[in-house]
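Chain residues, written in single-letter form:
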Amino acid sequence: MRIDIASKQFSDREVLQNLHMQLYPRQVTALLGPSGIGKSTLLQILAGLDRDFEGKQLSLPKNIGFCFQEPRLLPWLSVLENLKLVTKQQSEIEAMLDQMGLAGQSQILCHHLSLGMARRVALARALLVHPDILLLDEPFASLDKPRARQLLTLMLASIRQQQCATVIVTHEPTEAVALSDRILILDGTPATIVRDFPIEMTEHQRHQPKVVSCVVAQLNL
Amino acid sequence: MIPKTYLAQHKLQLISVSCMIACWAFLSIWLQSTSLPTPVLVWDAFSRELSSGELLHHCMWTMYRVVIAFVLAMSIGVALGLIFGLNIRCNQFFDVWLITLLNMPALVIIILCYLWIGLSEVSAITAVALNKIPNITVVVREGTRALDQKLMQMAQVFRLPMRLILWRIILPQLTPYFVASARSGLALIWKIVLVVELLGRSNGVGFQLHLAFQMFDVPSILVYSLTFIGFIWLVELVVIKPWDRRANEWRGQHAY
């Protein structure tokens, strides 16, 4: 999947300029940059939610898995009913809930879930569509450290099994290093990609916070 | 036999109703006027009308008109509200029509319906429904405009079919608006039905009120109006309140 953005504006303010991205299957790309730089806007463009930009997007993927900043579950439906919106395969849903550590929670109404649980359900929903592209918008925002660590471990296991291209938006360098194969750094006003480098680490190293911190320091992120 | 738990829960309301009846009794005894009969006199008239079968007969006719007009007004009003709320151009085109109908006096619509369609059941029900449709349309339209756009984006990304979007995302968010429309609709519709019956029908509570007015029969006026208020209270308690409670269960909670 390739996207070329010549310019993206909000009223008179230009937020993105001359941004070119190529995404590959089975590759996890982290978009790193300060808050408000336009990372989420870029994700919305990749998802086809925002078409109001100058430039072109070649082949919008058929199946898109999107984990929004807020889980965006339907609070009046149970966990199972929320997941049934995207797939009819009951066995697949049950296996996914099991994988997310939510076995036995399928009948809980979503407005009774904690933020951490809701995020896991949202991740399950995104994976259940068998996405061609998986978009994760600050998946650990508003979570405390232990919960974020728990979700990160779960994500590492889940997204590595996917055949799709994955894009993670974050402003946390440690999250970017731990999860991705490639980091794109967005900076400037209007924002553009200023650095693009690969992350070569074993799965075991990604689970070691000290190793991840070392890489962050080495890369001067 | 009223359960003790019910009495405990509704103690304040029961005291309030008792006070109202006490005030009425006090005023009627003090004034000694035929314009304000005592509760006992009204009770006697109630027993008389009930045993003759007249009360039930006329209340049922009014209830029949209320139900038909209510279902008609709700169905058309909700459909139009959804269309206007979701389609900006459609809303812009029909906004003037809506405001015109909204501001048309109920009496004008009733008279015009009787003149155009004739003194029939169809014109009576059409007049009542036409009076209520604009209000329901406006409430549902505003509800549709207030839909959570983040959930609509979610539906767009996951390419949910329109049927699921409507039943699972839009309608649950609009249910409180439906309840509000139903509640205000019922209250307004039965009052308009009385006017319609008074002007052009030969049965129903409105017709009976007209007769009682001509005979200066205040106890009968109170009997018929209080009985019908009782019916509406019953609908409120049995249908609308439980629906309202269910619809608002998730409200006030954090919608992720």
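From a predicted model like this one, the values you see are computed outputs, not experimental measurements.

Chemist: I keep staring at the overall build of chain A and nothing clicks. Help me out?
Modeler: When helices and strands are tallied, chain A shows 8 helices and 9 strands. Scaling as 2.2 N^0.38, a compact globule of 221 residues should have a C-alpha radius of gyration of about 17 Å, and chain A matches this with 17 Å. Across its three principal directions, the C-alpha atoms of chain A cover 45 × 40 × 30 Å. Residues classed as buried in chain A amount to 55% of the 221 residues present. At a minimum sequence separation of 6, the contacts of chain A that also span at least 24 residues come to 68%. Within the structure as shown, chain A displays about 9700 Å² of accessible surface, and the carbon and sulfur contribution to it stands at 49%. The average position of the 22 basic charges and that of the 22 acidic charges among the side chains of chain A differ by 3 Å.

Chemist: Just checking my understanding: could you explain the packing of aromatic side chains for this structure?
Modeler: Any two aromatic rings considered together are summarised by their centre-to-centre distance and by the angle between their planes. Residue and element names in this part refer to chain B. Here the structure, examined in full by the defined rule, presents 10 aromatic pairs over all chains. Relative to W97, the ring of F93 has its centre 6.2 Å away and its plane inclined at 45 degrees; by these criteria the two rings are tilted. On the criterion of helical spacing, the pair formed by F93 and W97 is a turn pair, its members being 4 residues apart in helix α5 (residues 88–103). Note on accessibility: F93 and W97 belong to one class, exposed. Site record: aromatic cluster; members linked through ring pairs are F84, F93, F94 and W97.

Chemist: Explain the interface of chain A and chain B to me, please; I cannot follow it from the model alone.
Modeler: Many analyses report the size of an interface as the accessible area lost when the parts associate. Counting from both sides, the interface comprises 32 residues of chain A and, opposite them, 20 residues of chain B. Of all residues in chain A, R72(A), W76(A) and L85(A) give up the largest surface area on contact with chain B, accounting jointly for 31% of the area buried on that side. There are 1 salt bridge connecting chain A and chain B. Between K150(B) and E70(A) there is a salt bridge; the shortest N-O distance is 3.6 Å. Counting across the chain A and chain B interface gives 6 residue pairs in polar contact (both at pLDDT 80 or more).

Chemist: Any chance you could explain a positive patch on the surface here in plain terms?
Modeler: A surface patch of positive charge is lined by K84(A), K88(A), R163(B) and R168(B). Its place among the elements puts R163(B) in helix α9 (residues 162–200).

Chemist: Just checking my understanding: could you explain the environment of R163(B) for this structure?
Modeler: Take R163(B): its relative accessible area is 53%, and that puts it in the exposed class. Placed 65 residues apart in sequence, R163(B) and L98(B) show a C-alpha to C-alpha distance of 27 Å.

Chemist: Just checking my understanding: could you explain the sheet that holds strand β6 (residues 133–137) of chain A for this structure?
Modeler: All names here are of chain A. Taking strand neighbours across the sheet as the criterion, the 6 strands line up as β5-β6-β7-β3-β8-β9 in an open arrangement whose pairing is mixed. Each having just a single partner strand, β5 (64–67) and β9 (192–198) make up the two edges of the open sheet. Neighbour-to-neighbour, the strand axes of the sheet open up by a mean angle of 15 degrees, direction not taken into account. Looking at chain direction, strand β3 (residues 28–32) and strand β7 (residues 165–170) are connected through 5 bridges and run parallel. Within β7, the residue paired with A30 across the bridge is I168. Contacts from helix α1 (residues 39–46) reach β3, β5, β6, β7 and β8 (182–187), with the element oriented near 155 degrees to β7. Here helix α5 (residues 145–160) sits on the sheet in contact with β3, β6 and β7, set at roughly 165 degrees to β6.

Chemist: Would you mind showing me how to read the side chain of D50(A) here?
Modeler: Residues and elements named next belong to chain A. Relative to the helices and strands, D50 is located in the loop between α1 and β4 (54–58). A polar atom in the side chain of D50 sits 3.0 Å from the backbone nitrogen of D52. Not counting residues up to four positions away in its chain, the partners in contact with D50 are K8, F10, T41, Q44 and I45.

Chemist: In this structure, what is going on with the pairing of β8(A)? I would like to understand it.
Modeler: A regular strand places its side chains on the two faces of the sheet in alternate fashion. Residues and elements named next belong to chain A. Most of β8 sits out of view: 5 of its 6 residues are buried. In terms of strand pairing, β3 meets β8 through 4 bridges, oriented parallel. Counted as the bridge partner of L31 is L184 from β8. By the bridge criterion, 6 bridges tie β8 to β9 in an arrangement that is antiparallel. Bridged to L184 within β9 is D196.

Chemist: Where do I start with the pattern of salt bridges in this structure?
Modeler: Pairing is possible between side chains that carry opposite charge, provided their charged atoms lie close to one another. Residues and elements named next belong to chain B. Scanning the model with the defined rule gives 13 salt bridges over all chains in all. A salt bridge links D244 to R183, with the nearest nitrogen and oxygen atoms 3.4 Å apart. Residue D244 is found in helix α11 (residues 218–247), and its partner R183 is found in helix α9; the two are separated by 61 residues along the sequence. Judged by relative accessible area, which is 29%, R183 ranks as partly exposed. Each member of the salt-bridge network shares a partner with another, and the members are R65, E121, E197 and R201.

Chemist: Would you explain the confidence of the model for chain A in this entry?
Modeler: The predicted coordinates of low-pLDDT regions are not to be read in fine detail. Mean pLDDT for chain A: 85, with 99% of residues reaching 70 or above. When pLDDT is averaged over each element of chain A, helix α2 (residues 79–84) of chain A comes out on top at 94 and α5(A) at the bottom at 75.

Reading guide: rules and limits
- Residues numbered from 1 in each chain as written.
- Chains lettered and ligands numbered in written order.
- Predicted model: local features only at pLDDT ≥ 70, side-chain atom pairs only at ≥ 80, totals over all residues.
- Heavy atoms only, no water.
- Helix = DSSP H or I, 4+ residues; strand = E, 2+ residues; numbered from the N terminus.
- Rg over C-alpha atoms; globule rule 2.2 N^0.38 Å.
- Buried < 20%, exposed > 50% of the residue type's maximum accessible area, 1.4 Å probe, protein only.
- Contact = heavy atoms within 4.5 Å.
- Areas by Shrake-Rupley, 256 points an atom, 1.4 Å probe, with all protein chains shown as cover.
- Lys, Arg positive; Asp, Glu negative; His and termini not counted.
- Charge placed at Lys NZ, Arg CZ, Asp CG, Glu CD.
- Phe/Tyr/Trp six-rings, centres within 6.5 Å; stacked < 30°, edge-to-face > 60°.
- Buried area = accessible area lost by both parts, 1.4 Å probe.
- Salt bridge = Lys/Arg side-chain N within 4 Å of Asp/Glu carboxyl O.
- Polar contact = N/O pair within 3.5 Å; in protein donor to acceptor, adjacent residues only side chain to side chain.
- Patch = residues over 30% accessible without salt bridge, like charges linked within 9 Å, V, L, I, M, F, W, Y side chains within 5 Å.
- Pairing = 2+ DSSP bridges.
- Axes fitted to C-alpha atoms, helices over the stretch in contact; angles between N-to-C directions.
- pLDDT = per-residue confidence, 0-100.

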